[in-house]
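Structural overview for review
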Amino acid sequence: MLREYQQRAIDQLYRWFDVANKGNPCLVLPTGSGKSHIVAALCKDALQNWPDTRVLMLTHVKELIEQNAEKMRLHWPGAPMGIYSASIGKRQLGEPITFAGIQSVRNKAGMLGHIDLVIIDECHLVNHKDEGGYRQLLSNLAAINPALRVVGLTATPYRLGHGLITDKPALFDDLIEPVSIEELIFKGHLSTLRSKVTKAKLDTTGVHKRGGEFIEYELQAAVNTDVNNVATVQEVISLAGDRKAWLFFCAGVQHAEAIAAELNANGITAECITGDTPKAERENILKEYKAGQIKALTNANVLTTGFDYPDIDLIAMLRPTMSASLYVQMAGRGMRVKSHTDHCLVLDFAGVVETHGPITAVQPPKKAGGGNGEVPVKVCDNCGELCVIAARICPACKNPFPEPERKELELRNDDIMGLEGKDLEVTAWSWRRHVSRASGKEMLSCTYYGGLSDKPITEYLPVLHDGYAGQRAMRQLTIIAQSSGAHLTEAANLEGSDGLEYLAAQMSHSKPPSSIEYRLDGKFHRVIKRSWA
């Protein structure tokens, strides 16, 4: 049986296809929301309603293939399905539903034949441009069936260096967001994270980037030092208390091995997992970890997707990253509902929370080339030489630059969640029709006013937008109108600007809330709670 929000995801997907009729949507579902259950129900529904449908379920790691196939069997014990994955050791073709690894089938469109629907898990890995394994396979499948449709699934709908996965050129045309992290926590389907400011901080000054991300060998050289490793491990031990399952994300293999060694040297039973760990050894380590025989796991680029152990109650982030997706994947390992506590402690030595924001309002990466093209520079106070921003010594006069000031984080225990906002006592509100300067689209805006010294807070409701964004905004407006006593019955007979002017007038003359709770979400404010006295 699906949870309500899981069925909601399928219903919204069908409605999107009814409205759009073409293109490829992406379901944005938080880590831990049960994507594999949604996939299983979607496949079953498609086959039972349209028996000739052929579905290909793609992902990039064998653990996700196995999870998705397992949930398919759970929902539909007699499902006509096969698995094609070299890493799993199965090459089953010919069934209406095929669960496959992209590495195994990228060149096998001819063998797969006619496919009606491709579902891609972790679809943020699909290249924006028409290149790479996924795009090559999809192009070849579309040549066989021009009516091919693609549905993406991800918790992080953006790519480093490309922005949102719907930014053109892109495979996906729209994002469908049926449920939020906040709702899942409120309903008891996820646990919260709590973060603490760490005394030890990993410094990436002078570490270069390639493709927008830190170069790994330079990053390891910067953070994998005896001083850093001793300091971070000592601080983890001092803050851990009686937590029982620790997970460390490290900057590379050598770093992960060094942290495991330091933990063991301090009496903490620890093991290290890397991409080179043999399968049998890895499975045995994970078994002992889940049984409580191993307290700490260190890893490098392995335990981010396809690994779930709900009782992880401490995460140490020792891997600085510019990838918002990687940050969310790391944090998501601690959000499963636990048997012994209501939260997971996150110790962020790498500054990733500061870089990307709380996981309820992660800032998507900017497009490559989105800046003004100028190389970041600074001026030597001694000789006036223009120097690269990372320079520590002026190359002209050898004058040392002062050490850069570090921004101190002011984190509460739950700042990584971003669930708490600021309060504003509302004295009045004003509604109006607003035209976006960026897109030219019309929408409603509401400005809340407090005291004379309070900054007004404005939120935007895109009630005229197509698809899910417009539906969500209209539902939100309806709830606000019911609480404020506004009557919007005539709005159904009005369209476009006239409809927005009518809605703005009706709402402006209704009763404003006595207070709101809000937070910054990107460049704009988001009202997360309204209270009427």
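Our subject is the structure that appears above.
The following refers to the structure shown. As the structure is a computational prediction, the values presented were derived from the model and not from experiment.

Read from one edge to the other, the open sheet built from three strands follows the order β22-β23-β24, with strand pairing classed as antiparallel. The open sheet has two edge strands, β22 (428–435) and β24 (457–461), and neither has a second partner. Each neighbouring strand pair of the sheet contributes to a mean axis angle of 25°, computed without reference to strand direction. In terms of strand pairing, strand β23 (residues 442–449) meets β24 through five bridges, oriented antiparallel. Residue pairing in the sheet places Thr 447 in a bridge with Thr 458 of β24. Running at roughly 175° to β22, helix α15 (residues 496–508) makes contact with β22 and β23 of the sheet.

Further remarks concern the pattern of salt bridges. Enumeration over the complete set of coordinates arrives at 19 salt bridges. Here Lys 35 makes a salt bridge to Glu 122, at a shortest N to O gap of 3.3 Å. Of this pair, Lys 35 sits in helix α2 (residues 35–49) while Glu 122 sits in the loop between β6 (117–121) and α6 (133–144), and the two are 87 residues apart along the sequence. For the pair Lys 35 and Glu 122, a shared accessibility class is recorded, and that class is buried. One continuous salt-bridge network, built from bridges that share partners, spans Glu 4, Arg 8, Glu 183 and Lys 187.

To continue, consider the environment of Thr 478. Position of Thr 478 among the secondary structure elements: in helix α14 (residues 467–484). You can call Thr 478 partly exposed: its relative accessible area is 36%. Along the chain, Thr 478 and Leu 488 lie ten residues apart, while their C-alpha atoms are 8.5 Å from each other.

The next point concerns the packing of helix α9 (residues 226–240) against helix α10 (residues 253–265). Between α9 and α10, the least distance of the axes is 10 Å, while the angle of their chain directions is 55°. Classified by the angle between their axes, α9 and α10 sit oblique to one another. You can see that α9 and α10 cross each other, and the crossing is right-handed. Across from Asn 229, Val 230, Thr 232 and Val 233 in α9, the residues of α10 making contact are His 255, Ala 258, Ile 259, Glu 262 and Leu 263. When grouped by side-chain class, the residues that make up the contact of α9 with α10 number five nonpolar, three polar and one charged.

Along β6, five of the five residues are buried, which leaves the element largely enclosed by surrounding structure. Side chains Leu 117, Ile 119 and Asp 121 of β6 all project onto a buried face; the interleaved residues Val 118 and Ile 120 project onto the opposite face, where all are buried too. Pairing of strand β2 (residues 55–59) with β6 involves four bridges; the strand directions are parallel. Bridged to Met 57 within β6 is Ile 119. Across five bridges, the pairing between β6 and strand β7 (residues 149–154) is parallel. The residue bridging Asp 121 from the neighbouring strand is Leu 153, located in β7. Assessed by its sense of winding, the connection that carries the chain from β6 through α6 to β7 is right-handed.

Moving on: the environment of Trp 431. Checked against the element boundaries, Trp 431 lands in strand β22. The spacing of Trp 431 and Ala 505 is 74 residues in sequence and 7.0 Å in space, taken between C-alpha atoms. Beyond its immediate sequence surroundings of up to four residues, Trp 431 is in contact with Leu 444, Ser 445, Cys 446, Leu 461, Leu 477, Ile 480, Ala 504, Met 507 and Ser 508.

On to unusual backbone geometry. A cis amide bond links Lys 168 to the next residue, Pro 169, at an omega of 0°. Mapped onto the elements, Pro 169 comes out in the loop between β9 (163–164) and β10 (174–176). Phi at Asn 301 takes a positive value of approximately 60°, unusual for a residue other than glycine. With respect to the secondary-structure elements, Asn 301 resides in the loop between β16 (296–299) and β17 (314–317). According to the relative accessible area criterion, Asn 301 is partly exposed, its value standing at 44%.

Criteria and thresholds
Per chain, the residues get numbers from 1 upward, laid out in the order the sequence is written. Under the rules for a predicted model, residues below a pLDDT of 70 receive no local features and side-chain atom pairs below 80 are neither given nor counted, while totals for whole chains, interfaces and linings still include all residues. To get the side-chain values, all heavy atoms of the structure are used, and hydrogens and water are removed first. Paired strands, as defined in this entry, are two strands with at least two bridges between them according to DSSP. By definition, any uninterrupted DSSP run of H or I lasting at least four residues is a helix, any uninterrupted run of E lasting at least two residues is a strand, and each is numbered from the N terminus. What counts as an axis is a line fitted to C-alpha atoms, over the stretch in contact for a helix, and the angles between N-to-C directions run from 0 to 180 degrees. Residues count as neighbours in contact if any of their non-hydrogen atoms are within 4.5 Å of one another. Note on definitions: salt bridges are taken to be side-chain nitrogens of Lys or Arg within 4 Å of carboxyl oxygens of Asp or Glu. Between buried and exposed lies partly exposed: a residue is buried under 20% and exposed over 50% of the maximum accessible area for its type, with that area taken using a 1.4 Å probe on protein chains only. The labels follow the angle: roughly parallel below 35 degrees, roughly antiparallel above 145, roughly perpendicular from 65 to 115, and oblique for the rest. Note: crossing handedness is left-handed where the near helix turns anticlockwise from the far helix by less than a right angle, and right-handed where it turns clockwise. Charged residues are taken to be Asp, Glu, Lys and Arg, nonpolar residues to be Ala, Val, Leu, Ile, Met, Phe, Trp, Tyr, Cys and Pro, and polar residues to be all remaining types, Gly included. When the strands point away from the viewer and the connection leading from the first strand across the helix to the second strand turns clockwise, the crossover is called right-handed.

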